[in-house]
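What follows is the residue order along each chain.
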Amino acid sequence: MPVDPSSQIAPTARVHPDAVIGPGVVIGEFAIVEQDVIIGAETRLEPYVYVKRWTMLGERNEISAGTVLGTDPLDKGFTGERSYLKIGNGNKIREHYTISRGTAPESETVIGDENYIMTSGHIAHNCKIGDRTVIASCALVAGYAEVESDAFISGGVVIHQYSKVGRLAMIGGNTRVNSDVAPFFLYSGFNVAVKGLNLVGLRRAGFHAAEITALKTAYKILFKSGLKLEEALQRIEAEVPTMQTLHLVRFVRESKRGICRE
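The next point concerns the sheet that holds strand E28 (residues 193–197). Judged by pairing direction, the sheet is mixed, and its 11 strands sit side by side in the order E1-E4-E7-E10-E13-E16-E19-E22-E25-E27-E28 without closing on themselves. Strand pairing shows two members of the sheet lacking a second neighbour, strand E1 (8–9) and E28, which therefore form its edges. In this sheet, strand E13 (residues 92–93) lies alongside strand E10 (residues 62–63) in parallel orientation, the contact comprising two bridges. Bridged to Glu62 within E13 is Lys92. Sitting on the sheet, helix H2 (residues 209–224) touches strand E27 (185–188) and E28, and the angle it makes with E28 is about 150°.

The next subject is unusual backbone geometry. Glycine aside, a negative phi is what most residues show, and trans is what most peptide bonds show. Positive phi, normally seen in glycine, also occurs at Phe30, with a value near 65°. Its location among the elements puts Phe30 in the loop between strand E4 (26–27) and strand E5 (32–33). Assessed through its relative accessible area of 44%, Phe30 is described here as partly exposed. A positive phi is found at Cys138, a non-glycine position, where the angle reads about 65°. Considering the arrangement of structural elements, one finds Cys138 in the loop between strand E19 (134–135) and strand E20 (140–141).

Bringing the side chain of Ser179 into the picture now. Structurally, Ser179 can be placed in the loop between strand E26 (176–177) and E27. Given the relative accessible area of 12%, Ser179 is considered buried. Within the structure, Ser179 has its side chain in polar contact with the backbone nitrogen of Cys260 (distance 3.5 Å). Leave out the neighbours within four places in its chain, and Ser179 touches Ser163, Lys164, Val192, Arg257, Gly258, Ile259 and Cys260.

Here the focus is helix H4 (residues 243–254). The first and last C-alpha atoms of H4 sit 17 Å apart over 12 residues, in line with the 16 Å expected at 1.5 Å per residue. Within H4, the full set of buried residues consists of Gln244, Thr245, His247, Leu248, Val249, Phe251 and Val252. Turning to H4, the residues buried within the fold contact strand E24 (164–165), E27, H2 and helix H3 (229–239).

The rules behind the values
Residues numbered from 1 in each chain as written. Predicted model: local features only at pLDDT ≥ 70, side-chain atom pairs only at ≥ 80, totals over all residues. Heavy atoms only, no water. Pairing = 2+ DSSP bridges. Helix = DSSP H or I, 4+ residues; strand = E, 2+ residues; numbered from the N terminus. Contact = heavy atoms within 4.5 Å. Axes fitted to C-alpha atoms, helices over the stretch in contact; angles between N-to-C directions. Buried < 20%, exposed > 50% of the residue type's maximum accessible area, 1.4 Å probe, protein only. Polar contact = N/O pair within 3.5 Å; in protein donor to acceptor, adjacent residues only side chain to side chain. Expected span 1.5 Å × (residues − 1).

Quick look at the structure:
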C-alpha cells in the first residue's frame, strides 16, 4: 500500500495514488504530492508544500510552507526527460524555497543529511549539497555547484554555476562566489576574498588546538607565502600533513575553476 496507514494527510491535500508515503508522515493542508514521489518516515510537509514528480525524500525531514521540491530545471537546455531530486534525512527546509531536479536525462540533484536551509532561496539543477550545511535566507546556488559538509552560506550569497564550496568554509553575507573556495576558511566581500580561518566553525565542530594550528600554518603557506600554487601545496604536504590539511590540498588540486586565492 503506497500510503502507510500511520501517516496523516490533511483533507485538502492532494496526494497521487502512486506516491509512496512512509510511516508517521504528516502532510498539511493544500499540499500537493505528485506521482513517482517517495516520502520517508516521520517527514512533515507544512501547508502549501508542492513535491513534484521524481523527488525522493528520506526520513525526518521538515519542509515548511510554500516550498516547491523537484521543480523543472531553470535551464534552456532542459527538454523534459526524467531526472531526479534526492534529499536525505533530517533536513529542515524553510518557507518559500525551491530546489530543482537534474537537467540531463536520469541526472540528479542531491541534498545530504541534517542540512538547515532557510527561507526564500533556490538550489538549482545538478547541485550536490553535503551534510550539516547551513544555507541562510535568500542565498542562490546555481547549477552544478557543490557545497561540502558543514559549510555555512550566509544570507544573500550567490554561488556561480560549477563553483565548489569546501568543508567548514564560511561565506559572509551578500558575497558573490565565482571561483572555488577552499575548506576551513572564512570568505567575504562582494567579489569573494579569503579573510582567515573559520575559527568559530572549527571550534564548534570540535577541532583541537593542534588541528587548528596546522590549518593556520597551511593558510599562511597557501595565501601569504607568495609561492606558486603547486609549490605551496607541496610545502603544506611536507610541513603539516594532517587529515584536514591533506583534504585542503586535494580540494585545491581537484578544483576545475581555480580557487579564490586573494
